[in-house]
Amino acid sequence: MSTPDAGTPGRDGRLRSLAVWLCAALVIILLDQIVKLWIVQSLSYGQRIRVLPFFDITLLFNTGAAFSFLANGGGAQRWLFTGLALVAAVFIAGWLYRNPRQPVLCAALASIMGGALGNAADRLLHGHVVDFLLFYWHDWYFPAFNVADIAITCGAGLLILDEIRRARHKPDS
């Protein structure tokens, strides 16, 4: 009978780690949904509140994905993007389970999962994603986004940084 490597956590340790990261994803989902609910209850569609000369809070709906990709898809994109988010969440949960000793990777994955599921919740509940953060300069506008999008973007950035760090510390072959 073989014994597990002393540096590799057993099943219980992996499950505890997974639970922690799933809770982190849940916090992101809840924060995202609470802020969106507040925005929807506080603003009418298209209403803008100027915060800075280049930043407004506004209520907009996105039926597509990032940058309104497939926004005019006739409704099928709602189910496509919801399905993709759910499949990604399952894949990410497995990745989290297999890598409990990599906190930067796990933080990145939990952020991506939380953001993806936050936007998926919008699609299921409303048929669109609620966006409200609008940055612009004169006639140029960055597409409006939300807390879930921030989590996804930060998670992707952490994923890239973690891979760069890992590549730098990899022994030469």
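This text follows the structure it describes.
If you're wondering where the values come from, they're calculated on a predicted model, not measured in any experiment. (Residues numbered from 1 in each chain as written. Predicted model: local features only at pLDDT ≥ 70, side-chain atom pairs only at ≥ 80, totals over all residues. Heavy atoms only, no water.)

J.: For this particular structure, what's the right way to read the pattern of salt bridges?
T.: Side chains bearing opposite charge may pair, as long as their charged atoms lie close to each other. Taken as a whole and judged by the stated rule, the model has six salt bridges. Lysine 36 is the salt-bridge partner of aspartate 122, the closest N and O atoms lying 2.8 Å from each other. Residue aspartate 122 is found in helix H3 (residues 103-126), and its partner lysine 36 is found in helix H1 (residues 11-42); the two are separated by 86 residues along the sequence. For the residue pair aspartate 122 and lysine 36, the accessibility class agrees, reading buried in each case. The shortest N-O distance in the salt bridge between aspartate 56 and arginine 48 comes to 2.6 Å. (Salt bridge = Lys/Arg side-chain N within 4 Å of Asp/Glu carboxyl O. Helix = DSSP H or I, 4+ residues; strand = E, 2+ residues; numbered from the N terminus. Buried < 20%, exposed > 50% of the residue type's maximum accessible area, 1.4 Å probe, protein only.)

J.: Looking at this structure, how should I read H3?
T.: In an α-helix, one turn spans 3.6 residues, which is why side chains three or four residues apart end up on the same side. For H3, which comprises 24 residues, the first-to-last C-alpha distance of 34 Å matches the rise-based estimate of 34 Å (1.5 Å per residue) to within 8%. Residue glycine 127 follows H3 closely and has a positive phi angle near 85°. (Expected span 1.5 Å × (residues − 1).)

J.: Sorry if this is basic, but what is going on with the packing of aromatic side chains here?
T.: Centre-to-centre distance and the angle between the planes together describe a pair of aromatic rings. For the coordinates displayed, the defined rule picks out eight aromatic pairs. Both rings, one in tryptophan 140 and one in phenylalanine 142, keep their centres 6.3 Å apart while their planes meet at 50°; by these two values the pair is tilted. With a centroid separation of 6.0 Å and an interplanar angle of 85°, the aromatic rings of phenylalanine 142 and phenylalanine 145 are classed as edge-to-face. Through successive ring pairs, a cluster of aromatic residues spans Phe54, Phe55, Phe135, Trp140, Phe142 and Phe145. Its guanidinium or amino end placed over the ring of tyrosine 97, arginine 14 lies 5.8 Å from that ring's centre, counting from NZ or CZ. The cationic tip of arginine 48 hangs over the ring face of tyrosine 136; the distance from NZ or CZ to the ring centre is 5.2 Å. (Phe/Tyr/Trp six-rings, centres within 6.5 Å; stacked < 30°, edge-to-face > 60°. Lys NZ or Arg CZ within 6 Å of the ring centre and 35° of its normal.)

J.: Just checking my understanding: could you explain the sheet that holds strand E4 (residues 140-141) for this structure?
T.: Two orientations exist for strands paired in a sheet by backbone hydrogen bonds: parallel and antiparallel. Strand order in the open sheet formed by four strands is E1-E2-E3-E4, with antiparallel pairing between adjacent strands. For this open sheet the edge positions go to strand E1 (48-52) and E4, each flanked by a neighbour on one side alone. Where E1 meets strand E2 (residues 55-62), four bridges bridge the pair, whose relative direction is antiparallel. Its bridge partner being in E2, arginine 48 is matched across the sheet by threonine 58. (Pairing = 2+ DSSP bridges.)

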